[in-house]
Amino acid sequence: MEIKNHMKKISVLFVCLGNICRSPAAEAIFISLLEQKGLTDGFIVDSAGTGSWHIGKKADSRMRIAAERRNINILSRARQINNKDFDEFKYILAMDNSNFRNIQDLKNRTASTDFASIKKIQDFRSVFNEQEVPDPYFGGDEGFDYVLDILEDSVNGFFESIS
Ligand code: 4NP
């Protein structure tokens, strides 16, 4: 008999629309938190977009620069969420209501198991009142800092909720 489940990693997927601004930032913030706590080995962390426009691209340079100022490195390349993610990720965390609905729809249409728990990252907020992570893509530079502020709050809250 295998005693495997006790050692199983906790898998977390952050999802936005393009996978070049909000979800790569959330992913990097979560990885940075795990590194500070020495817990990296216990987790699988990734991000994805519901859309396909930016597949293979690095995160938006405005977001990478804003994150670097906080010593957070955003290294991910954009990919699109797919049906296998619902079997592989325990927690799938949407940035806004539209992402949440699109992820639910995709799960209902394509997932082969009910493994994944789909939630909105702002359900875990404590300092900021935003119910959604605003899309910074078409706005000014200050929008990227604001997204990082609210994600540091809610990603931390998510971590507390599972520990
Ligand atoms: P994200 O931001 O969903 O936070 O990655 C966006 C990036 C690109 C686009 C929209 C949102 N776009 O329309 O190309």
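A brief report on the enclosed structure follows. (Residues numbered from 1 in each chain as written. Predicted model: local features only at pLDDT ≥ 70, side-chain atom pairs only at ≥ 80, totals over all residues. Heavy atoms only, no water.)

What about the pattern of salt bridges?
Phase 1 of the analysis: This model, assessed by the stated rule, comprises 10 salt bridges.
Phase 2 of the analysis: Between arginine 69 and aspartate 145 there is a salt bridge, and its shortest N-O distance comes to 3.3 Å. Linking arginine 69 in the loop between helix H2 (61–68) and helix H3 (85–88) with aspartate 145 in helix H5 (residues 142–162), this pair joins segments that are 76 residues apart in sequence.
Phase 3 of the analysis: Bridged by salt links that share partners, the residues Arg69, Arg70, Asp145, Asp149 and Glu152 form one connected network. (Salt bridge = Lys/Arg side-chain N within 4 Å of Asp/Glu carboxyl O. Helix = DSSP H or I, 4+ residues; strand = E, 2+ residues; numbered from the N terminus.)

A short note on the nonpolar core
Phase 1 of the analysis: Counting residues in hydrophobic clusters, the biggest one holds 35 residues, and the most contacted among them are Phe14, Phe30, Ile121 and Leu151.
Phase 2 of the analysis: Looking at which element gives the most residues to this core, the answer is H5, with 8 residues.
Phase 3 of the analysis: In this structure phenylalanine 30 touches Val12, Phe14, Phe43, Val45, Val155, Phe158 and Phe159, once residues within four positions along its chain are discounted.
Phase 4 of the analysis: Residues Leu13, Val15, Ile92 and Ala116 belong to the second largest nonpolar core, which totals 12 residues. (Core = buried A, V, L, I, M, F, W, Y, C linked by side-chain atoms within 4.5 Å. Buried < 20%, exposed > 50% of the residue type's maximum accessible area, 1.4 Å probe, protein only. Contact = heavy atoms within 4.5 Å.)

A word on the pairing of strand E2 (residues 43–49)
Phase 1 of the analysis: Counted residue by residue, E2 has 5 buried out of 7 residues, so it is predominantly covered.
Phase 2 of the analysis: Note: strand E1 (residues 10–16) against E2, 7 bridges, orientation parallel. For cysteine 16, the partnering residue across the bridge sits in E2 and is glycine 49.
Phase 3 of the analysis: With respect to chirality, the unit in which E1 leads through helix H1 (residues 22–37) into the neighbouring parallel E2 is right-handed. (Pairing = 2+ DSSP bridges. Right-handed = clockwise from strand over helix to strand, strands pointing away.)

Some remarks on the site of the ligand
Phase 1 of the analysis: Near the ligand the following residues occur: Cys16, Leu17, Gly18, Asn19, Ile20, Cys21, Arg22, His54, Asp135, Tyr137 and Phe138.
Phase 2 of the analysis: Bound to the protein, the ligand loses 91% of the 350 Å² it would expose on its own.
Phase 3 of the analysis: Broken down by class, the residue content of the shell around the ligand amounts to 6 nonpolar, 3 polar and 2 charged. (Near = heavy atom within 4 Å. Areas by Shrake-Rupley, 256 points an atom, 1.4 Å probe, with all protein chains shown as cover. Nonpolar A, V, L, I, M, F, W, Y, C, P; charged D, E, K, R; others polar.)

A word on the environment of alanine 67
Phase 1 of the analysis: Structurally, alanine 67 is set in helix H2.
Phase 2 of the analysis: The exposure class assigned to alanine 67 is buried, which follows from its relative accessible area of 0%.
Phase 3 of the analysis: Sequence separation between alanine 67 and isoleucine 29 is 38 residues; the distance between their C-alpha atoms is 8.7 Å.
Phase 4 of the analysis: Those residues within four positions of alanine 67 in sequence are excluded, and the remaining contacts are Ile72, Ile74 and Leu148.

Here's the deal with the sheet that holds strand E3 (residues 91–94)
The strands that make up a sheet are held in pairs by hydrogen bonds between backbone atoms, and each pair lies either parallel or antiparallel.
Phase 1 of the analysis: Strand order in this open sheet of 4 strands is E2-E1-E3-E4, and the pairing throughout is parallel. One side of each edge strand has no neighbouring strand; the edge strands of this open sheet are E2 and strand E4 (117–120). Direction aside, the axes of adjacent strands within the sheet are offset by 20° on average.
Phase 2 of the analysis: Pairing between E1 and E3: 4 bridges, direction parallel. Its bridge partner being in E3, valine 15 is matched across the sheet by alanine 94.
Phase 3 of the analysis: Sitting on the sheet, H1 touches E1 and E2, and the angle it makes with E2 is about 170°. (Axes fitted to C-alpha atoms, helices over the stretch in contact; angles between N-to-C directions.)

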